[in-house]
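Listed here are the chains, written in short residue letters.
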Amino acid sequence: ARGRLSVALRCASVTLLGAGALGSAVAELLMRGGVWDINVVDPERLTAGNLVRHSLSIEEVGQYKAQSLAQRLNRLSPFARASFSNRHDERRDGAEGSRLVLDCTGSDDVLQRLSVGNAEAGSLLVSLSVGLGAKRLYIVRAPQMSFSFPEFKAAMQPWLARDVEDNGGRQLPHEGPGCWHPLFPARPDEISMHAAAAVSELERAMHGESLTWSLRVLERRRAEGGTLTYGPSDAE
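Now for a look at the structure at hand. (Residues numbered from 1 in each chain as written. Predicted model: local features only at pLDDT ≥ 70, side-chain atom pairs only at ≥ 80, totals over all residues. Heavy atoms only, no water.)

### Quick notes on the nonpolar core
Phase 1: Ranked by internal contacts, the top residues of the largest apolar core, which has 42 residues, are Val26, Leu30, Leu102 and Leu128.
Phase 2: Considering each element in turn, this core owes the most residues, eight residues, to helix α6 (residues 188-206).
Phase 3: What Leu128 contacts, discounting residues up to four positions off in sequence, is Leu22, Val26, Leu102, Asp103, Cys104, Leu137, Tyr138, Ile139 and Ala198.
Phase 4: If you look at the next biggest cluster of nonpolar residues, it comprises 18 residues, including Leu125, Ala142, Trp159 and Trp213. (Core = buried A, V, L, I, M, F, W, Y, C linked by side-chain atoms within 4.5 Å. Buried < 20%, exposed > 50% of the residue type's maximum accessible area, 1.4 Å probe, protein only. Helix = DSSP H or I, 4+ residues; strand = E, 2+ residues; numbered from the N terminus. Contact = heavy atoms within 4.5 Å.)

### Let's talk about the sheet that holds strand β3 (residues 83-85)
Phase 1: Taking strand neighbours across the sheet as the criterion, the eight strands line up as β3-β2-β1-β4-β5-β6-β9-β10 in an open arrangement whose pairing is mixed. Sheet topology places β3 and β10 (228-232) at the edges, where each strand pairs with a single neighbour. Across the sheet, the axes of successive neighbouring strands diverge by a mean angle of 15°, strand direction being ignored.
Phase 2: Pairing between strand β2 (residues 38-41) and β3: three bridges, direction parallel. Each bridged residue has a counterpart across the sheet, and for Val41 the counterpart in β3 is Ser85.
Phase 3: Across the sheet, helix α4 (residues 108-115) touches β1 (13-17), β4 (99-103) and β5 (123-130), and the angle it forms with β5 is around 165°.
Phase 4: Together, β6 (136-143) and β9 (214-222) form the strand contacts of helix α5 (residues 149-166), whose direction differs from that of β6 by roughly 175°. (Pairing = 2+ DSSP bridges. Axes fitted to C-alpha atoms, helices over the stretch in contact; angles between N-to-C directions.)

### Here's the deal with the pairing of β10
Phase 1: Judged from the five bridges that link them, β9 and β10 form a sheet pairing that is antiparallel. Residue pairing for β10: Leu218 is matched across the bridge by Pro232.
Phase 2: Hairpin connection, β9 to β10: the antiparallel pair is bridged by five residues, and Gly225 has positive phi, about 95°.

### Some thoughts on α6
Phase 1: Here α6 is 19 residues long and its end C-alpha atoms lie 27 Å apart, about the 27 Å a rise of 1.5 Å per residue gives.
Phase 2: Within α6, burial applies to Glu190, Ile191, His194, Ala195, Ala197, Ala198, Val199, Glu201, Leu202, Ala205 and Met206. (Expected span 1.5 Å × (residues − 1).)

### Points about unusual backbone geometry
Phase 1: One non-glycine residue, Gln144, adopts positive backbone phi at about 60°.
Phase 2: Within the secondary structure, Gln144 sits in the loop between β6 and α5.
Phase 3: In this model, Met145 sits at a positive phi of 60°, which is unusual for a non-glycine residue.
Phase 4: Among the structural elements, Met145 can be located in the loop between β6 and α5.
Phase 5: A relative accessible area of 4% places Met145 in the buried class.

Listed below in structure tokens is the structure:
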């Protein structure tokens, strides 16, 4: 009665790759919406700089993100079955229901490794990443975990160039693979907006009938009069 996600999404067995700011926010929304089976995978530990945008707290600083996030998710519902891996494990045996692999690492290396695997019937890969300045949310949908990484890179290149252009040509350094510098310009409310949109897109992806991979771009922008709007990019 209080609202829940679609049956297809609630019944999915979710493997979350990347328990960063976006991944943690999406995972919490999924769990509160009735997705009980979530396996969190992330080898990194929470740092003080992560607290600006992460759902975890100062009590978890220094601990593994995956383990701490899974513990938090299990406290959100009596039905929760959140598990974790503090290594780069990408597969889990014995999963029930359809398999949804949710990549929130922002790492090309992870996507490239996923792209070379064998097609998996009944599985779906959705990769979520936030562009520079958090203006855009990039959503890759790959049924059966099957897509061409070179095609993905070619499709993303114009968007990445636009991100740099929109931010005055600034190119911030990275701490490591897929991890933006702590000063990456994105407010927590902007990440929350993208996370909420991502959940709606996940419901849409679960009901998709296309067997080919796709790239969808959502964008936040100011309309005339200063009203904040959010939706598909005009350049899509």
